[in-house]
There are 2 protein chains.
Amino acid sequence: MLTLDTELARAFWGEGVLDVEVAAGADVLARCAAGAGAPKDAIGWLDVDKWAGKKELEHVEELATRVRERADTLVLIGVGGSNNASRAVAEALRPAGCRVVYAGNTLSAAELNRVMDELSGHDVVLDCVAKNFETLEPGVTFRLLRQWLESQVGTAEAARRIVCTGTPESHLETLCREHGWAFNPFPADVGGRFTALTPVHLLPLAAAGVDVRALAEGARAEMSALRAASAGENCALCYAAVRHLAYERGCAVELFASFEPRLRWLGLWWQQLFAESEGKEGRGLLPVVASYSEELHSLGQFVQDGSHVMFETFLDVTTPCDGDSCSVGDSSVEDGFGYLDGRDLWDVNHAALAATQRAHAEVLPVVTLGMERLDAEHYGRLFAFFEFSCYISATLLGVNPFDQPGVEAYKHRMFAALGKDAC
Amino acid sequence: MLTLDTELARAFWGEGVLDVEVAAGADVLARCAAGAGAPKDAIGWLDVDKWAGKKELEHVEELATRVRERADTLVLIGVGGSNNASRAVAEALRPAGCRVVYAGNTLSAAELNRVMDELSGHDVVLDCVAKNFETLEPGVTFRLLRQWLESQVGTAEAARRIVCTGTPESHLETLCREHGWAFNPFPADVGGRFTALTPVHLLPLAAAGVDVRALAEGARAEMSALRAASAGENCALCYAAVRHLAYERGCAVELFASFEPRLRWLGLWWQQLFAESEGKEGRGLLPVVASYSEELHSLGQFVQDGSHVMFETFLDVTTPCDGDSCSVGDSSVEDGFGYLDGRDLWDVNHAALAATQRAHAEVLPVVTLGMERLDAEHYGRLFAFFEFSCYISATLLGVNPFDQPGVEAYKHRMFAALGKDAC
């Protein structure tokens with residue numbers, strides 16, 4: 001289960017202030033829960049079963065089985081919404097299926113060359129994820145890795161090792177038919193950053209060995225609960241209200257902090273979700289990810305004593321899984337850390353978390369999202385929670401969460417420089 | 001060589017505005033160049049030869065040779081200033097010496113267990129870097145990895161595979177004498193985040209196979225030039241003036257962007273340097289790192305159209321090295337990316353950079369630091385440039401760049417919770 005603890009922020013803002021904000025958001029919650037007013041082609045994610053239902057799960061599991069029969073490595077060629085959700089889960093859970101290598105998320109030749117070195121000697125399947133197949137990074141990377149794969153195993157076998165995830169009826173689907181590549185549908189009614197619970201990510205995660213049924217089930221349970229819960233009992237609305245209040249009171253930045261380094265990629269998924277959904281019309285909180293305790297040794301001083309420009313959301317995993325324990329034991333050497341004798345590192349890490357929350361709460365609003373365990377079910381819950389709360393939060397801010405008009409500015413200049421026809 | 005291009009920021013602010021700021025900083029530049037007014041125990045880094053001179057280079061090279069004779073893997077146990085500079089160089093240059101594994105930078109048991117898995121089957125040397133040996137992360141990690149190493153090779157051989165980098169006359173040096181571990185001096189007159197060009201980092205970098213003489217030479221040349229250059233010709237002052245002007249005009253955030261993913265760790269080093277040096281007394285710009293082009297697909301929308309809370313510093317590598325080239329070639333498939341036929345990815349990436357700079361400069365101040373090549377010499381130059389400009393920038397802001405009083409707040413609470421005696 002997920003829990004949202006707002007006690008420290010409530011103490012910071014004063015009794016009742018957040019409750020007023022939550023109550024004021026009741027109408028927005030009701031509209032968002034019903035998907036009212038949103039473009040129909042943007043909220044396919046709101047019904048988890050639509051894109052992570054029985055049929056979709058069977059389809060991606062069948063494709064994933066074919067991938068795993070043929071390959072030990074899946075190259076996920078995609079950027080932004082076509083990459084972040086998969087990476088968030090696979091890097092955190094380290095499942096036992098195909099290794100996933102990420103490409104198509106950079107234009108750096110050094111990075112692409114490094115990826116090709118990494119692939120050498122492996123049986124590789126390419127998954128090119130590109131909603132409209134015009135984005136530069138996956139486009140050029142797919143071409144280069146496809147040619148590399150053909151040079152390794154020949155064109156016929158390469159064709160059996162390529163799957164493309166794109167919009168049905170698109171040029172990419174035509175190419176799949178022409179060349180015998182497998183095709184995986186990118187939902188037409190879900191924007192890239194909201195695709196965590198669709199075949200776009202279910203396929204690479206299933207290939208990686210993640211329990212995608214648990215992921216979907218967690219998401220379904222969380223989304224249903226959030227769409228049904230009243231304003232006063234609704235964690236997604238409460239989180240959106242915290243964000244809105246912080247913004248209204250002058251915060252420029254939301255810091256998303258956790259004490260588990262493997263949650264960093266979830267942070268990057270979260271960053272895209274909120275930055276693209278809210279950063280428009282001169283508005284929005286800049287979402288920034290902090291990986292503690294390491295970055296307490298870089299950002300800690302600033303958070304405590306620097307410009308008061310932020311509020312902080314902690315993500316806390318409350319129950320250890322296998323591998324989350326490490327006894328400090330005693331030391332034969334008088335190392336000065338005797339106060340740690342016999343403790344477990346899990347508890348030491350949580351003592352650091354609690355101390356940091358209390359210290360930061362002296363100077364800024366602090367909230368904590370607790371997830372019970374770091375597993376597929378809870379990743380599903382997190383995706384549902386943040387997608388729904390982002391929808392509410394952007395609506396409270398008065399912007400359209402589902403477009404991203406600002407990214408055209410650099411693209412126009414770039415395509416002009418590269419001689420691409422205007423589109 | 002390094003170059004600072006401020007043309008876009010000048011256009012944003014209007015003719016002459018930045019020049020006034022630079023001229024106003026001439027006195028501060030003169031004082032900083034002389035180290036006037038700074039505590040003597042804080043500016044040992046200002047004279048590169050003092051800690052990266054002939055004697056120090058010979059010492060670390062001798063130690064590094066011993067490491068490489070014994071090990072294929074060096075575990076750098078350190079956090080913040082004891083980790084970031086080494087990682088910045090080693091992860092970018094990928095030298096051919098010892099593999100470096102980073103530990104002591106987290107309290108996550110899962111992460112430490114992962115590191116121990118990574119070490120399995122390798123010949124390992126531990127380098128524990130801890131100025132005062134009271135910091136929790138390296139302290140507890142050193143204990144656990146030392147016990148692991150002893151269990152692998154026995155106490156006597158383990159002792160030959162341990163080096164500690166700490167303050168002379170400290171408890172850590174005493175332990176080294178008692179247990180036969182090698183000792184590497186942590187300069188008493190350099191704070192952690194200013195140690196890039198001292199034995200603290202020269203040792204792991206030499207072990208990793210980095211040309212530390214070129215690193216030191218680049219730093220020496222850059223620092224000498226910056227300390228001697230007049231205000232109107234001084235890139236370090238100019239960068240500090242840009243930061244100060246941006247801050248005075250209401251920016252809350254500096255975004256540090258590059259188009260080479262392997263520069264990310266340099267960004268994290270830069271982030272600590274500025275966040276800890278300036279984030280105090282309720283002041284300072286929050287330093288945030290952006291890894292483009294990937295994060296144009298998450299942050300790009302916000303930067304272009306969201307809250308106008310930031311200015312942006314680009315780091316651009318101007319000349320390709322080996323491995324920075326990748327011809328896109330032609331495609332046998334009509335993939336829709338024909339406009340890339342025959343181009344090199346290096347040029348495509350730079351077209352994206354130039355387009356992004358121009359697009360962002362429409363809405364915020366943009367400056368670009370150019371480094372000619374991504375090599376050891378230029379890393380030395382970058383460290384010198386940023387350390388010196390940080391000193392100037394913090395002085396312009398009116399804060400002491402060399403302390404970090406704010407980090408005590410969480411430490412006090414944490415040590416109390418863990419039962420450590422007050423210190």
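Note that this is a predicted model, so its numbers are computed, not measured.

Another aspect to go through is the interface of chain B and chain A. Across the boundary between the two partners, chain B contributes 115 residues, which contact 115 residues of chain A. Area buried by chain B at its contact with chain A is led by B:Arg143, B:His297 and B:Gln301, which between them contribute 9% of it. The tally of links between chain B and chain A comes to 11 salt bridges. Across the salt bridge formed by B:Arg413 and A:Glu362, the nearest N and O atoms sit 3.1 Å from each other. Tallying contributions element by element places helix α15 (residues 345–361) of chain B first for the side of chain B that touches chain A, with 10 residues. Residues belonging to the side of chain B that touches chain A are distributed by class as follows: 49 nonpolar, 38 polar and 28 charged.

A few words now on the relation of the copies chain B and chain A. Expressed as a screw operation, the relation of chain B to chain A combines 0.0 Å of axial shift with a rotation of 180°, fitting to an RMSD of 0.0 Å. In the structure described here, the two chain copies are related by an operation that fits a two-fold rotation axis. Of the residues that chain B buries at the interface, 100% are likewise interface residues in chain A, meaning the two copies contact each other through the same surface.

Mean pLDDT over chain A stands at 96; residues scoring 70 or higher make up 100%. In the model output, the complex is listed with pTM 0.98 alongside ipTM 0.97.

Residue and element names in this part refer to chain B. In spatial order, the strands read β3-β2-β4-β5-β6; together these five strands make up an open sheet with parallel pairing. Each end of this open sheet is capped by a strand with a single partner; those strands are β3 (99–103) and β6 (182–185). Across the sheet, the mean angle separating the axes of adjacent strands is 20° when strand polarity is ignored. By the bridge criterion, four bridges tie strand β5 (residues 162–166) to β6 in an arrangement that is parallel. Residue pairing for β6: glycine 166 is matched across the bridge by proline 185. Against the sheet, helix α10 (residues 199–208) makes contact with β2 (73–77), β3, β4 (124–129), β5 and β6, and its axis sits at roughly 125° relative to β6, the strand it touches most.

Let us look at unusual backbone geometry. The linkage connecting A:Tyr292 with the following residue, A:Ser293, adopts the cis geometry, with an omega of 0°. Take A:Ser293: it is sitting in the loop between β8 (286–291) and α14 (300–305). Positive phi is not limited to glycine here, since A:Phe133 has a value of about 55°. Looking at the element boundaries, A:Phe133 is found in the loop between β4 (124–129) and α8 (136–160). In this structure, B:Glu169 takes a positive phi of about 75° despite not being glycine. Relative to the elements of secondary structure, B:Glu169 occurs in the loop between β5 and α9 (171–179). Judged by its relative accessible area of 74%, B:Glu169 is exposed.

This part is about the pattern of salt bridges. As enumerated under the stated definition, the model contains 63 salt bridges over all chains in all. Between A:Lys54 and A:Glu58 there is a salt bridge; the shortest N-O distance is 3.2 Å. With A:Lys54 and A:Glu58 both in helix α5 (residues 54–70) and four residues apart, the pair spans about one turn of that helix. The exposure class of A:Lys54 is exposed, given its relative accessible area of 61%. The exposure class assigned to A:Glu58 is partly exposed, which follows from its relative accessible area of 40%. With a closest N to O distance of 2.6 Å, B:Arg10 and B:Asp19 form a salt bridge. Residue class for B:Asp19 comes out partly exposed when judged on its relative accessible area of 37%. The structure contains a network of salt bridges with shared partners spanning A:Glu222, A:Glu372, A:Arg373, A:Asp375, A:Glu377 and A:Arg381.

Here the focus is the state of the cysteines. All names here are of chain A. Summed over the entire model, instances satisfying the criterion amount to zero disulfides over all chains. For cysteine 32, which is in no disulfide, the shortest distance to another cysteine sulfur is to cysteine 390 and amounts to 10.0 Å. Accessibility expressed as a relative area gives 2% for cysteine 32, which makes it buried.

Okay, the side chain of B:Glu137 next. Following the sequence through the fold, B:Glu137 ends up in helix α8 (residues 136–160). Among buried charged residues, B:Glu137 stands out as having no salt bridge; its nearest opposite-charge side chain is B:Lys411, 7.1 Å away. A polar contact is formed between the side chain of B:Glu137 and the side chain of A:His297, at a distance of 3.0 Å. Setting aside anything within four residues of it in sequence, one finds B:Glu137 in contact with A:Ser293, A:His297, B:Val79, B:Gly104, B:Asn105, B:Thr106 and B:Leu107.

Rules used throughout
- Residues numbered from 1 in each chain as written.
- Chains lettered and ligands numbered in written order.
- Predicted model: local features only at pLDDT ≥ 70, side-chain atom pairs only at ≥ 80, totals over all residues.
- Heavy atoms only, no water.
- Contact = heavy atoms within 4.5 Å.
- Buried area = accessible area lost by both parts, 1.4 Å probe.
- Salt bridge = Lys/Arg side-chain N within 4 Å of Asp/Glu carboxyl O.
- Helix = DSSP H or I, 4+ residues; strand = E, 2+ residues; numbered from the N terminus.
- Nonpolar A, V, L, I, M, F, W, Y, C, P; charged D, E, K, R; others polar.
- Least-squares fit on C-alpha atoms with pLDDT ≥ 70 in both.
- pLDDT = per-residue confidence, 0-100.
- Pairing = 2+ DSSP bridges.
- Axes fitted to C-alpha atoms, helices over the stretch in contact; angles between N-to-C directions.
- Buried < 20%, exposed > 50% of the residue type's maximum accessible area, 1.4 Å probe, protein only.
- Disulfide = S-S within 2.5 Å.
- Lys, Arg positive; Asp, Glu negative; His and termini not counted.
- Polar contact = N/O pair within 3.5 Å; in protein donor to acceptor, adjacent residues only side chain to side chain.

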